[in-house]
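Commentary on secondary and tertiary structure
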2 protein chains.
Amino acid sequence: MVRVAVIGVGCSRFGVRSDVTVQELAFEAVKEAFNDCSITQEDVELSVIGSVATRLYELYPAVPVNEYVGLDGKGPLRVEAACASGSAALYTAYASIACGQVDTAIVIGVEKMNEVDTVTSLAVGGRGGNYLWEFHLFGTTFPAYYALYAARHMWRYGTTEEQLAMVAVKAHKYGSMNPKAHFQKRITLDEALRSRVVAWPLKLYDCCPMSDGSAAVILASEAKVKELRVDTPIWIEAMGYSSDTANLVRREDYLGLMATVKAAQMAYRKARVTPSEVDVAAVHDCFTIAEIMAYEDLGFCPKGQGGRMIEEGQTEIGGRIPVNLDGGLKAKGHPLGATGVSMVYELTKQLREEAGGRQAPIKRGVALAHNVGGTGHYCWVTVLKR
Amino acid sequence: MVRVAVIGVGCSRFGVRSDVTVQELAFEAVKEAFNDCSITQEDVELSVIGSVATRLYELYPAVPVNEYVGLDGKGPLRVEAACASGSAALYTAYASIACGQVDTAIVIGVEKMNEVDTVTSLAVGGRGGNYLWEFHLFGTTFPAYYALYAARHMWRYGTTEEQLAMVAVKAHKYGSMNPKAHFQKRITLDEALRSRVVAWPLKLYDCCPMSDGSAAVILASEAKVKELRVDTPIWIEAMGYSSDTANLVRREDYLGLMATVKAAQMAYRKARVTPSEVDVAAVHDCFTIAEIMAYEDLGFCPKGQGGRMIEEGQTEIGGRIPVNLDGGLKAKGHPLGATGVSMVYELTKQLREEAGGRQAPIKRGVALAHNVGGTGHYCWVTVLKR
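Small disclaimer: the values here were computed from a predicted structure and weren't measured.

1. Details of the overall build of chain A
Looking only at helices and strands, chain A features 14 helices and 11 strands. Here the C-alpha atoms of chain A give a radius of gyration of 19 Å, agreeing with the 21 Å that 2.2 N^0.38 yields for 386 residues. Projected onto its principal axes, the C-alpha positions of chain A cover 55 × 45 × 40 Å. Here chain A holds 386 residues, and 68% of them are scored as buried. Within chain A, residue pairs in contact and separated by at least 24 positions form 77% of the contacts whose partners lie at least 6 positions apart. Element-wise, carbon and sulfur atoms account for 51% of the exposed surface of chain A, whose accessible area totals about 12,500 Å². Placing the 40 positive and 43 negative side-chain charges of chain A at their respective mean positions leaves the two points 4 Å apart.

2. Observations regarding the interface of chain B and chain A
How big an interface is tends to be stated in terms of accessible area lost as the parts join. Taken residue by residue, the interface counts 62 residues in chain B and 63 residues in chain A. Summed over both partners, the interface of chain B with chain A buries about 5,300 Å², with 54% contributed by carbon and sulfur atoms. Summed over the shared surface of chain B and chain A, the result is six salt bridges. Residues arginine 250 of chain B and aspartate 72 of chain A are paired through a salt bridge, measuring 3.6 Å at the closest nitrogen-oxygen approach. Where chain B touches chain A, the interface holds 26 residue pairs in polar contact (both at pLDDT 80 or more). Mapped by element, the contributors of at least two residues to the side of chain B that touches chain A are α2 (62–69), β3 (77–80), α3 (85–98), α4 (118–125), β8 (234–243), α10 (258–271) and β11 (378–385) of chain B. Class assignment for the residues of the side of chain B that touches chain A results in 34 nonpolar, 17 polar and 11 charged. As judged from the three bridges shared by strand β3 (residues 77–80) of chain A and β3 of chain B, these two strands associate in the antiparallel manner. Bridging from a neighbouring strand, arginine 78 of chain A pairs with glutamate 80 of chain B of β3 of chain B.

3. Section: unusual backbone geometry
All names here are of chain A. Look at the link from tryptophan 200 to proline 201: it is a cis peptide, with omega at 5°. Its place among the elements puts proline 201 in the loop between β5 (197–199) and β6 (202–203). Of note, alanine 82 is a non-glycine position whose phi angle comes to about 50°, a positive value. Along the chain, the position of alanine 82 falls in the loop between β3 and α3 (85–98). Judged by its relative accessible area of 3%, alanine 82 is buried.

4. Focus on the packing of aromatic side chains
Residues and elements named next belong to chain A. Under the definition given, this model contains 18 aromatic pairs over all chains. On the basis of an interplanar angle of 70° and a centroid distance of 5.5 Å, the ring pair of tyrosine 149 and tyrosine 254 is categorised as edge-to-face. A residue pair is termed long-range when its members are at least 10 positions apart, and tyrosine 149 in helix α6 (residues 142–157) and tyrosine 254 in the loop between β8 (234–243) and α10 (258–271) qualify at 105 residues. Here the aromatic rings of tyrosine 241 and tryptophan 380 are separated by 5.4 Å at their centres, their planes lie at 50°, and the arrangement is tilted. Of this pair, tyrosine 241 sits in strand β8 while tryptophan 380 is found in strand β11 (residues 378–385), placing the two residues 139 residues apart along the sequence. Here tryptophan 380 falls in the buried class, since its relative accessible area comes to 0%. Members of the aromatic cluster, each reached through a chain of ring pairs, are Tyr91, Tyr94, Tyr241 and Trp380.

5. Considerations on the packing of α3 of chain A against α3 of chain B
Running from N to C, α3 of chain A and α3 of chain B point in directions that differ by 50°, and their axes come no closer than 8 Å. Comparing their axes, α3 of chain B and α3 of chain A come out oblique. Note on packing geometry: the crossing formed by α3 of chain A with α3 of chain B is left-handed. Here Tyr91, Thr92, Ala95 and Ser96 of chain A of α3 of chain A come into contact with α3 of chain B, specifically with Tyr91, Thr92, Ala95 and Ser96 of chain B. Grouping the amino acids of the contact of α3 of chain A with α3 of chain B by side-chain chemistry returns four nonpolar, four polar and no charged.

6. Observations concerning the packing of helix α1 (residues 22–35) of chain A against helix α2 (residues 62–69) of chain A
All names here are of chain A. Where α1 meets α2, the axes come as close as 9 Å, and the angle between the chain directions of the two elements is 55°. It follows that α1 is oblique to α2 by the angle criterion. Crossing of α1 over α2 shows right-handed handedness. Taking contact as the criterion, the partners of Val22, Gln23, Glu24, Ala26, Phe27 and Val30 in α1 are, on α2, Pro64, Val65, Tyr68 and Val69. In terms of residue class, the contact of α1 with α2 is made up of eight nonpolar, one polar and one charged.

7. Describing the pairing of β8 of chain B
Residue and element names in this part refer to chain B. Of all 10 residues making up β8, nine are buried, and the element is well covered by its neighbours. The pairing of strand β1 (residues 4–11) with β8 spans two bridges and is classified as antiparallel. Residue pairing across strands places alanine 5 opposite tryptophan 235, the latter belonging to β8.

8. Digging into the pattern of salt bridges
All told, the structure shown has 42 salt bridges over all chains when counted by the stated rule. Here aspartate 190 of chain B ties to arginine 194 of chain B by a salt bridge, and the two come within 3.2 Å at their closest N and O atoms. Here aspartate 190 of chain B and its partner arginine 194 of chain B are both found in helix α8 (residues 189–194), four residues apart, which amounts to about one turn of the helix. When its relative accessible area of 41% is taken as the criterion, aspartate 190 of chain B is described as partly exposed. Classification of arginine 194 of chain B as exposed rests on a relative accessible area of 65%. Here arginine 352 of chain B and glutamate 354 of chain B are joined by a salt bridge, their closest N and O atoms 3.3 Å apart. Looking at glutamate 354 of chain B, the relative accessible area reads 43%, which means it is partly exposed. One connected set of salt bridges, linked through shared partners, spans Asp36, Lys349, Arg352 and Glu354 of chain A.

9. Quick word on the nonpolar core
Judged by nonpolar contacts, the single largest core of 266 residues is most densely connected at Tyr146, Leu219 and Phe300 of chain A together with Tyr146, Leu219 and Phe300 of chain B. Setting aside chain neighbours within four positions, we find phenylalanine 300 of chain B in contact with Tyr268, Pro275, Val278, Ala281, Val283, Tyr295, Met309, Arg320, Ile321, Val323 and Leu368 of chain B.

10. Description of the relation of the copies chain B and chain A
Once chain B is rotated about the relating axis by 180° and shifted along it by 0.0 Å, it coincides with chain A to within an RMSD of 0.0 Å. Read as a symmetry element, the transformation amounts to a two-fold axis. Taking the C-alpha atom as reference, chain B places cysteine 99 of chain B closest to the rotation axis, 1.9 Å from it. Both copies present the same face, since 100% of the interface residues in chain B are matched by interface residues at the equivalent positions in chain A.

11. Digging into the confidence of the model for chain A
Averaged over all residues, the pLDDT of chain A equals 94, while 94% of them reach at least 70. With pTM at 0.97, the complex prediction returns an ipTM value of 0.96.

What counts, and at which threshold
- Residues numbered from 1 in each chain as written.
- Chains lettered and ligands numbered in written order.
- Predicted model: local features only at pLDDT ≥ 70, side-chain atom pairs only at ≥ 80, totals over all residues.
- Heavy atoms only, no water.
- Helix = DSSP H or I, 4+ residues; strand = E, 2+ residues; numbered from the N terminus.
- Rg over C-alpha atoms; globule rule 2.2 N^0.38 Å.
- Buried < 20%, exposed > 50% of the residue type's maximum accessible area, 1.4 Å probe, protein only.
- Contact = heavy atoms within 4.5 Å.
- Areas by Shrake-Rupley, 256 points an atom, 1.4 Å probe, with all protein chains shown as cover.
- Lys, Arg positive; Asp, Glu negative; His and termini not counted.
- Charge placed at Lys NZ, Arg CZ, Asp CG, Glu CD.
- Buried area = accessible area lost by both parts, 1.4 Å probe.
- Salt bridge = Lys/Arg side-chain N within 4 Å of Asp/Glu carboxyl O.
- Polar contact = N/O pair within 3.5 Å; in protein donor to acceptor, adjacent residues only side chain to side chain.
- Nonpolar A, V, L, I, M, F, W, Y, C, P; charged D, E, K, R; others polar.
- Pairing = 2+ DSSP bridges.
- Phe/Tyr/Trp six-rings, centres within 6.5 Å; stacked < 30°, edge-to-face > 60°.
- Axes fitted to C-alpha atoms, helices over the stretch in contact; angles between N-to-C directions.
- Parallel < 35°, antiparallel > 145°, perpendicular 65-115°, else oblique.
- Left-handed = near helix turned anticlockwise from the far one by under 90°.
- Core = buried A, V, L, I, M, F, W, Y, C linked by side-chain atoms within 4.5 Å.
- Least-squares fit on C-alpha atoms with pLDDT ≥ 70 in both.
- pLDDT = per-residue confidence, 0-100.

Take a look at the structure:
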């Protein structure tokens, strides 16, 4: 297996981006990524687009995006795995270099969520998964699904609404320090707790926003890294994946995501690292309960202790494993296809120690990205190493 | 690079399949593929779905399809490259084995086209590509795009309407011998020539139908092939790809598809074979002109001689390179995501010499699949070897 490194990263500002088309949005990240390394569009051998493409007239987003960003001829596919589309696209490019098909590749994650109307967004959220039974009969959309998990987690482990709210407070704190975040404003615990209920126990501040955004990552083989004399290559040590049943009624319990557990096991095994070696992580906090379950499912703490972990500040800078120092999905935003790619953007900056005021201490040089699609329907875990 | 082989193949009946859901349709192919080899769903490490998923409630087809066919946990992504989605999915699974991530994988291509209404299908055809300029201003949908190529090819090389019609006659001849084909009825040259004009010079019989269908291919690493003692592994010698501009106005000429030329060059180079070594091929004949251009762009004949090639019967059994012996997109049908996978199904049967009455003579044991997305917007070329 050829070793694969991240050699350039870019990310657009996340938020309501009605000022740009999908192509222009992608270009913001692509431009920054090429400025971040010494190769050009000409040198790239493969472009992989990660996008759900929620709008019908973007049914085939790869070609128009590649045409606009100067990658004609390089982009033969688009990859989709719901909210984990960015990581799935990263995987495809990673495997292409790892197997020796190409020496360089770019991954572009892009999504515009804010032009989707409410009916469509409902369809995107639940009906889009063709989980017809649960969706049609019970109207379970994403907040409702995660609320089931939250309620069960509270019942079983004594996790509190305050602990959920603390995840949001942390996200907004770091988001306020990230000029690319959708929300750059701190919130108080009280504000989070008093926000309106969306699906109990989840309130408005427990939910990530609908964001537009893009991110891009340029990858190279070990030989290419040497040829280019890259200063700080960030190696993809391993990627793990899993997926789970469509209908939640077929799941064993509602205390964690089996897809995360399995994807993490695969990633740790292939990378030969343990959770305790991770310096900094980006986890999929589409809802606050998702971050707490991720701590547990990724092995950052024993099952049931996720609430305590946020309460003790273990996932802030200074704590045991700082998590989501870019604001996470909750404050940085969640433009489906861009999310997973933007995690690698952030962790690359962290491992290079270029994250400024929100830099985590880097000891072992290991970072972990955790990207979930749906309610644990898909999961990708990526281990990065300096 | 780990060698990768096809060890099991399956294909549903193509056609109007309102008798089944997408999941049930996929299962028909998956079941046949598992019956065709000695492994089970349990043994598969990765499932890749190739699908355009033209209907909004199939926005995320991977999870419901995998759940239904017994591949929970194995299917972390869906791949899309318009009409080449099946090949792009094959590539992702191939690269996953070639790089050593997994030893076994399944590729499932599935599409239901017949429940898409006409407005949506127009959007799927042109607007879905976000080629806004040409689509909105000129209303150029797929038949119109390919008609431009056909008219130009006729003008430049003297290709005739009769030669185009001969491609359709050949497709229907072999389709009539394929119990899985959408159309299993021969047509005469006269019927083809007198069918109504869709976009001159293309008539009804120059266009492939809207089909539902599925196909599945099970892949294994060389080590696994030995472990399982597979009788007739069909090796994926190489895959080549390319893509092209969204708007056709940016293309150099309208005489062939640059994406095919580049994808074929990559595939031949990596597989170390020449076009003259190919025993049998499946090419992307979404319109009859597309098959004639494919002969030329794939190097089966010099540029401009494609018309003569069909006229001389060079691409029938007994000719130099038999092409589309399953009926092709034109008669077997074209369920977008399933098409590329079904080409590998057919060529595997051919290389194993299991194709019965429509068996090509196998001399060197080399077959080629050519799968185009859009009007040469994407292209994948796969070289298979016995």
